[in-house]
Amino acid sequence: MAVADGGLDRDNCYFRDAGADDDTESMFGDNWDMTQRKIVHYDDSFGDKKEIPMGHGTYVSGIIAGRKSSNGVDEEVGYADGVAPGSKLSFFDMEVGSTGIQDPGVSRLFASSFNSGRGAKILNASWGRGYKGKYSAFCRDYDNALRSKYSNV
């Protein structure tokens, strides 16, 4: 599973991984670490590795893939486990500070999450723009990429 949003609280009990206490972790940037319990990839090349308190990225990621673990190793039933609690998570950070999410471009976002076919098969991008009911160039770019390069995912 992949989520593109404004940040992810990696210390939240629904995402905590043992030994994942600093910013030198093996899943940042272009790296993927499938040995992690929950977050296997965190692309911070566009954002800042931070989430504002009670932020949207953590909320959405929890709904999708959250699975509680108090110690980052042993999983336990949580009151708010996600709909796919056994899945691993790739996250693309789209925000610096509290400025709101910015568009990294369709190619950069999809390439990061897809990881040449070894990454996520499902990407949630539950953020909006002021389209005012119009099918914009932004929408066309994303739809064209999905139909052409990523249609077999």
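Residues numbered from 1 in each chain as written. Predicted model: local features only at pLDDT ≥ 70, side-chain atom pairs only at ≥ 80, totals over all residues. Heavy atoms only, no water.

## Comments concerning the pairing of strand S3 (residues 89-93)
Condition: Only protein chains enter the accessibility calculation, which uses a 1.4 Å probe; a residue whose area is less than 20% of its type maximum is buried, one above 50% is exposed, and one in between is partly exposed. Each helix is a run of DSSP H or I of at least 4 residues and each strand a run of E of at least 2, with the numbering of both proceeding from the N terminus. Strand pairing requires that DSSP identify at least two bridges connecting the strands. The path from the first strand over the helix to the second decides the hand: if it runs clockwise while the strands point away from the viewer, the crossover is right-handed.
Extensive coverage of S3 is indicated by the burial of five of its five residues. Judged by which residues are buried, S3 turns out to be covered on both faces: Leu-89, Phe-91 and Asp-93 on one side and Ser-90 and Phe-92 on the other are all buried. With four bridges joining them, strand S1 (residues 2-5) and S3 adopt parallel strand pairing. Each bridged residue has a counterpart across the sheet, and for Ala-2 the counterpart in S3 is Ser-90. Where strand S2 (residues 39-43) and S3 come together, four bridges link them in parallel fashion. Bridge pairing in S3 places Tyr-42 opposite Phe-91. Once the chain exits S2 it traverses helix H1 (residues 56-65) before rejoining the sheet at S3, and the crossover so formed is left-handed.

## Quick word on the environment of Phe-15
As a reminder of what qualifies: Contact definition: two residues touch when any of their heavy atoms are within 4.5 Å.
For Phe-15, the position within the fold is in the loop between S1 and S2. The class for Phe-15 is buried, based on a relative accessible area of 1%. It is 33 Å that separates the C-alpha atoms of Phe-15 and Ser-148, two residues lying 133 residues apart in sequence. If we skip the residues at most four places from it in the chain, Phe-15 touches Leu-8, Asp-9, Arg-10, Arg-37, Lys-38, Ile-39, Thr-58, Ser-61, Gly-62, Gly-66, Arg-67 and Leu-89.

## Some points on the environment of Val-40
Following the sequence through the fold, Val-40 ends up in strand S2. Sequence separation of Val-40 and Phe-91 is 51 residues, and the distance between their C-alpha atoms is 8.4 Å. Val-40 has contacts with Met-27, Asn-31, Trp-32, Asp-33, Met-34, Lys-88 and Leu-89, leaving out every residue within four places of it along the chain.

Interpretation note: all reported values are geometric properties and have no functional meaning in isolation.
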